Each structure stands twice: as C-alpha cells, then as structure tokens.
Amino acid sequence: MSATLTNWIGGQKQAASAGKTLDNICPATNTCISTIPRSGAVDIDNAVAAARKALKGPWRTSTAAERAGYLETIANTIEARLEEFAQAESRDTGKPVALAKSVDIPRAIANFRFFAGAIRHDETGCHSMPDAINYTVRKPVGIVGLITPWNLPLYLLTWKTAPALAMGNTIIAKPSELTPTTATLLAEVIHEAGVPAGVFNLVHGLGQEAGQAIVGHPAIRGVSFTGGTTTGAHVAASAAPHFKKLSLELGGKNATLVFDDCDLDKAVSGALRAAFANQGQICLCGSRILVQEGIYDAFVERFTNQAKGLTVGDPTAASTNIGAVISQAHRDKVEQYVAVAREEGGTVVAGGKRPTLNGPFADGAFFEPTVITDVDETCRITQEEVFGPLVTIQRFSNADDAVRIANTVRYGLSASVWTGNLDTAHKVSARLDTGMVWVNTWLHRDLRVPFGGVKDSGVGREGGTWSLEFFSEAQNICVYLGDN
Ligand code: TXE
C-alpha cells in the first residue's frame, strides 16, 4: 500500500484544498510508492498567509544565534535519520542508495551546518565619511519561494532552505513532483526542531500549477529556482513584473578538457565520474569530453572499457554504480538522443540501449552508460543538454581549439581541465565561459565559493555570502555627524 504525503502549511499537515492527488512513481520499479497533494493557487495563498503571520511572530525578533541553533538541530536530526532519508531519496529518484548515503544526505546535513556557522560569523559593512557614518544592515527579503528539481532533491532544497532560514525569511518550498519524500521528511524535522509554525511551508504539486502560483504571487518577494533552462526562462518572465529577487540555477553542457600532458589514469577516472555520477543527472556533469589528439585513442579505449564495466541496476545493491534515471519519459528522451547522435554520424562505442534486468527492476527506467564518438560541435548531441548517462568524446588539437569548442554551447555552468601544466591550467581556465572551473578534479566543493553559471545556465550565484546576500535586503543607514 502506498503512503499518503501531505503539504505542511502553518505547522499543519494538509491535503490539497481541492482534494486532488498525484502518484509518486519509483523509477527503478515503475510502481506507485505514494500519493502527494496536487496543490494549486489556493494552497499557495494559504501558505502565504501562514508565512506572512510567521514573519510577524517571534521569528521576526529571533537572533542569529537562535536561528543557527535551529539549523544545527535540523542537521543533527537528519544525521540521526540518515538511513531513512537515503532510502527515501533512492526510492524517489532511482539513484543508488550508496550514493544517497555518501553524497545527497551528508551534503544536506553539511548545508545546515555550514549556514549555521556562516550566520554566526556574518558581518556587514561600515563606511565612514568625515562628517557621517554609514552602516549597512541586512533584513530578510520576507516570504521566499524555493522551487527545486528531482536530481538532487534534498541536497538542493536544503542548499536554499538553510540560508533562507539563516537570514530570517519565511519559506514556501515546492519540490519536484517527481521527488516529494525527503522534502516532506525535512518539513517534519524542521517542525520538530521547534522552528515556529509558518516559517517553513511545503506545498507539493505540479510546476505549472503550484510552482506557477509561487512565481506569480505578489507577496512572495524572492524566488530561488533550480531546474531546466526552458522552465527558468518562464519563471524569469513571470517573476519580472513583480520585481522579485530571482536566482536561477539552470542547465549545463559542461566540457571536460583533457590535455596530452595530463595524468591519464586520473583523467579517465575523473571524466568517468563527471560523466556518469547520479546517472549523468547533475547540472555539473561533464557530458562533453574534449581530448587532445596525442592521447585521444588511448583515452577513448580506457574510458570506454571503464564505462562498460559500470554496473547498472538494483539501486539498493552496494555494487551498483548506475541506478535508474528519473522516469520512463526521461529514459525515452535519453534513448532518442542516441538515435539523434547516430543520425548525425556518431558512433556508439559503449551502451546506447536499455539493459535487460529481471525481477522488480524489469520495468525500471534504466539506461546503459553510453559513450559516443565521431561527432563535432555542430551536432545536436554535443549542443543540447541530455541530462542522462550519455557522454560524447571529441578530439582537439591545441588549447585554442579546446577553448573554442568548449565555448560553442549556449550553456556556461562549469568545466574541468585535466593537465600537468600549470600554465595551461590557469590560462585555459580563464578563457572558459563558465561560472566554475575545476582543474584536475571535478565537483570538489567548498560551500563558501560562488556557485552558478553564465549564459543560459542561469543568473546569480549561490554559496557562502552569495546565498546570504540573496536571501536578504541590504539597507544602508547614514548618520550625519557634521554639526559637532
Ligand atoms: O525540470 P523543470 P524537468 C534540466 C534537464 C531536464 C530538464 C527538464 O535537462 O531534462 O531540465 O527537467 C518546477 N513555474 N534539469 O522538467 O520542469 C517543477 O515542478 C514554476 C536541469 O524536471 O525545470 C520542479 O519543481 N515552477 C536541472 C522544478 O520547477 C515550475 C535539474 C524543476 O522542473 C514550472 C533538473 C513553472 N511554470 C532538470 N514548471 C539542474 N540545473 O540541475 C516546472 N516547475
């Protein structure tokens, strides 16, 4: 029997006001595991009323230390329930439990701990003049909307929730309708931590309904969105007339640049992780590998062999490297891109098809890790975000060529550069049109650094002081001293 998940509005569990529900499908088994409220504008209105009331209550006068205390309690509780959170994340997404246990849930805990520390040590500016003193105070934005995707559900929701709480906002969160469970557990944990009712409201539902109602609601003064670029454009257009603060973290088609002088073993394993981590469904995934001609053949051979050696299947098995992708529809999309690549002259050197699995996983949304060569930067397969376990490998001749190819796409989120030459590392990194570059590593994160993209990968930065600034309004107060 499947579970019934609820919204959390004003500290209360609630069904959608219209009584409608949506099925939550486990992509690994293609079975319904729960139902969620299919909320609409009325539910968002109710959440706004609760969030507005909470903004006027004790939350308004809470100290930074008190809010940091809440964040730490939340982190500790998630840590104590790590196994339960990881299992839930795996069931909703199809990702290996081991990945959820080692990456998703620990990172969610780290998000709360990090912003607890950040708010404790936060400071604002003071600008003195001969006859006056300016000091800056930060105020909460007010009610903020957090809209998050399905690929890293708790990880990304907490990346927004922790700084929003730290700065004293009240929240209306809408997780992806495909991955509702850990957000619901989080609402429970926040409530149990003693955060006042109405500070964190969770509303489930479809993007075009509940999500759209958040973006278009005039009382919601800021929206932080992570998701697809097309949806991001729609969110930006809807939010603009209300002059909301807006943070958009969107798609990527990130290049992994591998130079002749790299450590080949490390480059192959790094590129493999960048290509296939989380079934290739991370906005930072290195889905375009560019390899210098001197090591091209050796790289392709090693990379392809290792890709073929990855184990696809049962997300609960410790030996599984690749779980299910998010849905049958998404698997179909990935599969269609293989056909596109073939039409464009690409050669599928690994994967390219659904694996044959038995038992409960026979109908799951699995796809083999796929490697495609013989394509160039004019192809759709190297330009469009697939967001699945599919990677292309292209050849380049020199640094100019590599930078040119890397920068051809509409996206500009991240890149990784693999080289033994410090000069190449610095010079190439500086020429890449991306918000982030990793050298001889990938997804090596320090939560203080700016995170975000350029071009169609988004607007704004998250992380450290960037998040604290987004979730606050700076007010300058100038005190005149001149008459004395
Ligand atoms: O994301 P959507 P989808 C990319 C990836 C993927 C594609 C589409 O290429 O294949 O986006 O994925 C909510 N107003 N990424 O369709 O639709 C929605 O309910 C307000 C990259 O799943 O962008 C969900 O909560 N909200 C990405 C959230 O937006 C709306 C991660 C994201 O869903 C809305 C995920 C609307 N009109 C997908 N429509 C990354 N950068 O990591 C939808 N939503």
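Residues numbered from 1 in each chain as written. Predicted model: local features only at pLDDT ≥ 70, side-chain atom pairs only at ≥ 80, totals over all residues. Heavy atoms only, no water.

A. Looking closely at the sheet that holds strand β14 (residues 288–292). Read across the open sheet, the 7 strands follow the order β15-β16-β17-β14-β13-β19-β20; overall the sheet is mixed. Looking at which strands have only one partner, the edges of the open sheet turn out to be β15 (347–350) and β20 (436–439). Within the sheet, the average angular offset between the axes of one strand and its neighbour, ignoring direction, is 25 degrees. Strand direction decides the pairing type here: β15 and strand β16 (residues 370–373), joined by 3 bridges, are antiparallel. Bridge assignment links V348 to a residue of β16, and that residue is I372. Taken strand by strand, helix α10 (residues 296–308) contacts β13 (255–258), β14, β15, β16 and β17 (390–396), and its axis lies near 170 degrees from that of β17. (Pairing = 2+ DSSP bridges. Helix = DSSP H or I, 4+ residues; strand = E, 2+ residues; numbered from the N terminus. Axes fitted to C-alpha atoms, helices over the stretch in contact; angles between N-to-C directions. Contact = heavy atoms within 4.5 Å.)

B. The arrangement of a nonpolar patch on the surface in detail. Residues Y135, V479 and L481 make up a contiguous nonpolar surface patch of about 230 Å² in total accessible area. Structurally, L481 can be placed in the segment after β23 (472–480). The exposure class of L481 is partly exposed, given its relative accessible area of 41%. (Patch = residues over 30% accessible without salt bridge, like charges linked within 9 Å, V, L, I, M, F, W, Y side chains within 5 Å. Areas by Shrake-Rupley, 256 points an atom, 1.4 Å probe, with all protein chains shown as cover. Salt bridge = Lys/Arg side-chain N within 4 Å of Asp/Glu carboxyl O. Buried < 20%, exposed > 50% of the residue type's maximum accessible area, 1.4 Å probe, protein only.)

C. Layout of the packing of aromatic side chains. Taken as a whole, this structure holds 10 aromatic pairs when the rule is applied. Relative to F396, the ring of F259 lies with its centre 5.0 Å away and its plane at 65 degrees, an arrangement referred to as edge-to-face. With F259 in the loop between β13 and α9 (264–276) and F396 in strand β17, this residue pair connects regions lying 137 residues apart in the sequence. Pair check on accessibility: F259 and F396 agree, each one buried. An aromatic cluster is defined as three or more aromatic residues linked by ring pairs; in this entry it consists of F114, F115, W159 and F451. The ring of W159 carries the charged tip of R107 above its face, separated from the ring centre by 4.6 Å. Here the basic side chain of R395 rests over the ring of Y296, its NZ or CZ set 4.1 Å away from the ring centre. (Phe/Tyr/Trp six-rings, centres within 6.5 Å; stacked < 30°, edge-to-face > 60°. Lys NZ or Arg CZ within 6 Å of the ring centre and 35° of its normal.)

D. Spatial organisation of the pattern of salt bridges. Scanning the entire structure with this criterion turns up 23 salt bridges. The partner of K95 in a salt bridge is D104, and the shortest N-O contact between them spans 2.6 Å. Where R302 meets D265, a salt bridge forms, and the shortest distance between an N and an O atom there is 2.4 Å. Remark: D265 occurs in helix α9 and R302 occurs in helix α10; sequence separation between them is 37 residues.

E. Structural view of the domain arrangement of the protein. Domain annotation of the protein identifies domain 1 (3–250 + 457–476) and domain 2 (255–445). The centre of domain 1, based on its C-alpha atoms, is set 30 Å off from the matching centre of domain 2. Contacts between the two partners involve 25 residues from domain 1, matched on the other side by 31 residues from domain 2. Between domain 1 and domain 2 the total buried area reaches about 2100 Å² when both faces are included, carbon and sulfur atoms providing 58% of it. Inspection of the domain 1/domain 2 interface yields 0 salt bridges. (Domains from an automatic or database assignment. Buried area = accessible area lost by both parts, 1.4 Å probe.)

F. Looking closely at the site of the ligand. In the neighbourhood of the ligand, 28 residues make up the surrounding shell, with W150, E177, L250, K333 and E385 lying closest. At 3.4 Å from a nitrogen atom of the ligand is found a main-chain nitrogen or oxygen belonging to G227. Within the backbone of G228, one N or O atom sits 2.8 Å away from an oxygen atom of the ligand. Considered on its own, the ligand offers 810 Å² of accessible surface; in the complex 86% of this is hidden by protein. Residues of the shell around the ligand, tallied by class, amount to 10 nonpolar, 13 polar and 5 charged. (Near = heavy atom within 4 Å. Polar contact = N/O pair within 3.5 Å; in protein donor to acceptor, adjacent residues only side chain to side chain. Nonpolar A, V, L, I, M, F, W, Y, C, P; charged D, E, K, R; others polar.)

G. Layout of helix α5 (residues 153–166). In a regular helix each residue adds 1.5 Å, so 14 residues correspond to 20 Å; α5 covers 20 Å between its end C-alpha atoms and thus fits that length. The element α5 is largely enclosed, with a buried count of 14 among its 14 residues. G168 occupies a position one or two residues after α5 and carries a positive phi of about 85 degrees. (Expected span 1.5 Å × (residues − 1).)

H. Spotlight on the sheet that holds strand β5 (residues 31–37). Read across the open sheet, the 3 strands follow the order β1-β5-β4; overall the sheet is mixed. Either end of the sheet is taken by a strand with one partner, and the two such strands are β1 (3–4) and β4 (21–26). Both β4 and β5 contribute to a ladder of 6 bridges, which runs antiparallel. Paired with L22 across the two strands is I36, which belongs to β5.

I. Region of interest: the nonpolar core. Formed by 66 residues in total, the largest nonpolar core has its most connected members in I74, I78, F112, L186, L284 and W442. Beyond its immediate sequence surroundings of up to four residues, F112 is in contact with L71, I74, A75, I78, T158, T161, A162, L165 and L186. Within the second largest apolar cluster, 31 residues are counted, among which are C262, V268, V291 and W418. (Core = buried A, V, L, I, M, F, W, Y, C linked by side-chain atoms within 4.5 Å.)

J. Fine view of the environment of F225. In this fold, F225 is placed in strand β11 (residues 220–226). When the C-alpha atoms of F225 and G453 are compared, they prove to be 13 Å apart, with 228 residues separating the residues in sequence. Ignoring any residue separated from it by four or fewer positions in sequence, one finds F225 in contact with I147, K160, T231, G232, V235, S247, L248, E249 and L250.

K. Summary view of the environment of T392. In this structure, T392 sits in strand β17. With 19 residues separating them along the chain, T392 and T373 place their C-alpha atoms 5.8 Å apart. Beyond its immediate sequence surroundings of up to four residues, T392 is in contact with S287, R288, I289, I372, V375, I381 and T382.

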